[in-house]
Amino acid sequence: MFTLIDEQALQKDPAQAASIGGIVTRSNYRIPAELMDRLPQLRIITTNGVGYDGIALDHARQRNIVVTNTPDVLNKAVAELAVGLLLALLRNLPAADSFVRTGAWVGSPFPLGASLAGKKVGIVGLGRIGKEIVQRLVPFEVDISYFGRVRQAVPWRHFDSLPAMARHVDVLILSCPGGAATRHIVDAAVLQALGPDGVVVNVARGSVINEADLCDALANGIIQGAALDVFDSEPLGESSLRHMPNVVLAPHIGSATHETRRQMAELAIRNLVSFFRTGRAVTPVA
Ligand code: NAP
């Protein structure tokens with residue numbers, strides 16, 4: 001039904017641009033207005049993921065190009081990673097692993113970590129993924145609150161100020177969208193409010209945190225630690241984050257399980273097939 005043209009083929013034969021009706025992409029590629037305008041027949045952009053901050057959405061709307069994503073099917077995998085990163089950070093599991101492997105255990109005991117039980121956890125963005133994170137955290141006996149623009153009908157405390165929630169909590173988990181509206185909402189002031197025992201977990205987008213402020217806060221004891229799946233620039237190049245003992249780093253693997261990636265791919269394909277058959281996509285971005 002479809003003919004696939006990849007980027008390299010398009011570079012070799014730019015004339016093929018005239019026949020492209022759809023783009024399949026994912027969050028590590030940018031789809032700027034200029035690319036859309038090189039493709040006169042473009043009618044749909046299907047991103048294999050839930051975030052669409054890399055797509056020039058306003059331009060797509062102006063050109064009547066449908067944008068689709070793959071919501072919900074990845075919630076559980078991302079929530080599992082968020083909880084895993086948090087536990088790995090609190091108990092310093094990467095260092096514990098190398099402590100045993102290198103034989104350092106023979107010489108001295110491993111430093112104590114921090115318990116999750118009894119902690120106050122603040123979710124930035126209590127959406128589909130945020131709610132799955134909360135569901136998994138409740139059995140750990142933590143106190144949950146959330147920051148978002150809208151108060152929801154949930155039993156958790158709502159904050160409409162991020163610095164105020166950061167002052168209240170021990171753990172800040174970021175699960176909101178990226179893009180202009182959330183760019184650098186976690187900055188020096190929020191990290192200062194989180195305080196020297198506080199930790200940040202980011203499974204949202206690198207752009208949500210001011211990375212320079214984060215590095216400063218981590219290096220100077222303004223916060224305790226950070227667990228990061230996403231970064232300002234990916235793959236992460238040279239960065240002081242790579243040399244800090246109080247961070248746990250992952251290479252943007254929130255949805256990266258066999259089961260989840262298969263479901264995402266199936267939903268992306270269903271969007272394309274439905275759109276070209278019926279004119280309606282399955283999960284268009286609102
Ligand atoms: P969602 O259901 O749309 O939830 C997003 C939440 O963020 C909502 O509760 C919303 O609440 C809040 N929010 C939106 N704009 C905000 C703003 N300007 N300030 C504060 N809060 C804001 O989205 P989702 O499906 O849970 O996905 C969330 C994000 O996770 C994605 O956009 C993507 O960037 C990221 N993600 C990462 C990975 C990974 O591999 N690490 C994988 C999948 C998704 P209000 O409307 O009340 O503000």
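Heads up: the structure comes first, above all this text.
Just so it is clear, the structure is predicted and the values come from calculations on it, not from any experiment.

Asks: Let's hear about the overall build of the protein chain: which residues, and what values?
Replies: Across its full length, the protein chain holds 10 helices and 10 strands. In summary, the protein chain has a C-alpha radius of gyration of 21 Å against a globular reference of 19 Å for 286 residues, a match within 12%. Counting only residues that meet the buried cut, the protein chain has 45% of its 286 residues in that class. Put simply, 57% of the contacts in the protein chain that link residues at least 6 apart link residues at least 24 apart. Carbon together with sulfur atoms contributes 53% to the accessible area of the protein chain, which is approximately 15200 Å² in total.

Asks: A description of the environment of G127 should follow, citing residues and the corresponding values.
Replies: Tracing the backbone shows G127 in the loop between β4 (120-124) and α6 (128-137). Here G127 falls in the partly exposed class, since its relative accessible area comes to 29%. Linking G127 and P196, residues 69 residues apart in sequence, is a C-alpha distance of 28 Å.

Asks: Give me the lowdown on the pattern of salt bridges, citing residues and values where you can.
Replies: Counted by the stated rule, this structure contains six salt bridges. In this structure, R63 engages D37 in a salt bridge whose closest nitrogen and oxygen atoms are separated by 3.3 Å. Placement of R63 in the loop between α3 (57-62) and β3 (66-68) and of D37 in helix α2 (residues 33-37) is noted, with a sequence separation of 26 residues between them. With its nearest N and O atoms 3.1 Å apart, the salt bridge here joins D53 to R205. Placement of D53 in the loop between β2 (44-47) and α3 and of R205 in the loop between β8 (199-202) and α9 (211-219) is noted, with a sequence separation of 152 residues between them.

Asks: I'd like a rundown of the sheet that holds β8, residues and numbers included.
Replies: Strand order in this open sheet of seven strands is β6-β5-β4-β7-β8-β9-β10, and the pairing throughout is parallel. For this open sheet the edge positions go to β6 (157-159) and β10 (247-249), each flanked by a neighbour on one side alone. Along the sheet, successive strands turn relative to each other by an average axial angle of 15 degrees, direction set aside. Across four bridges, the pairing between β8 and strand β9 (residues 225-228) is parallel.

Asks: Describe the site of the ligand, and please don't skip the residues or the numbers.
Replies: Surveying the vicinity of the ligand reveals 27 residues, the closest of which are R128, I129, R149, V203 and D229. Between the ligand and R149 there is a distance of 2.8 Å, counted from an oxygen atom to a backbone nitrogen or oxygen. V203 has a polar backbone atom sitting 3.1 Å from a nitrogen atom of the ligand. Its free accessible area being 920 Å², the ligand has 87% of it covered by the protein chains. With respect to the detected pockets, the ligand is housed in the largest pocket.

Asks: Explain the pairing of β4 to me, using residue names and the numbers behind them.
Replies: Counted residue by residue, β4 has four buried out of five residues, so it is predominantly covered. Where β4 and strand β5 (residues 143-147) come together, five bridges link them in parallel fashion. Among the inter-strand pairings, I123 is bridged to a residue of β5, identified as Y146. Traced from β4 through α6 to β5, the parallel crossover comes out right-handed. Bridge count between β4 and strand β7 (residues 171-174): four bridges; the pairing is parallel. From the neighbouring strand, G122 faces β7, where its bridge partner is L172.

Asks: So what's going on with the pairing of β8? Residues and values would help.
Replies: Judged by which residues are buried, β8 turns out to be covered on both faces: V199 and V201 on one side and V200 and N202 on the other are all buried. Bridge count between β7 and β8: four bridges; the pairing is parallel. Its bridge partner lying in β8, L174 is registered against N202. Taken together, β7, helix α8 (residues 188-194) and β8 constitute a β-α-β crossover, and its handedness is right-handed. Once you follow β8 into α9 and on to β9, the crossover reads as right-handed.

Analysis parameters
- Residues numbered from 1 in each chain as written.
- Predicted model: local features only at pLDDT ≥ 70, side-chain atom pairs only at ≥ 80, totals over all residues.
- Heavy atoms only, no water.
- Helix = DSSP H or I, 4+ residues; strand = E, 2+ residues; numbered from the N terminus.
- Rg over C-alpha atoms; globule rule 2.2 N^0.38 Å.
- Buried < 20%, exposed > 50% of the residue type's maximum accessible area, 1.4 Å probe, protein only.
- Contact = heavy atoms within 4.5 Å.
- Areas by Shrake-Rupley, 256 points an atom, 1.4 Å probe, with all protein chains shown as cover.
- Salt bridge = Lys/Arg side-chain N within 4 Å of Asp/Glu carboxyl O.
- Pairing = 2+ DSSP bridges.
- Axes fitted to C-alpha atoms, helices over the stretch in contact; angles between N-to-C directions.
- Near = heavy atom within 4 Å.
- Polar contact = N/O pair within 3.5 Å; in protein donor to acceptor, adjacent residues only side chain to side chain.
- 1 Å grid on protein atoms, 1.4 Å probe; cavity = no way out; pocket = protein on both sides within 12 Å on 5 of 7 lines; lining within 4 Å.
- Sits in = over half its atoms within 2 Å of the grid points.
- Right-handed = clockwise from strand over helix to strand, strands pointing away.

These results come straight from atomic positions and should not be treated as a statement about function.
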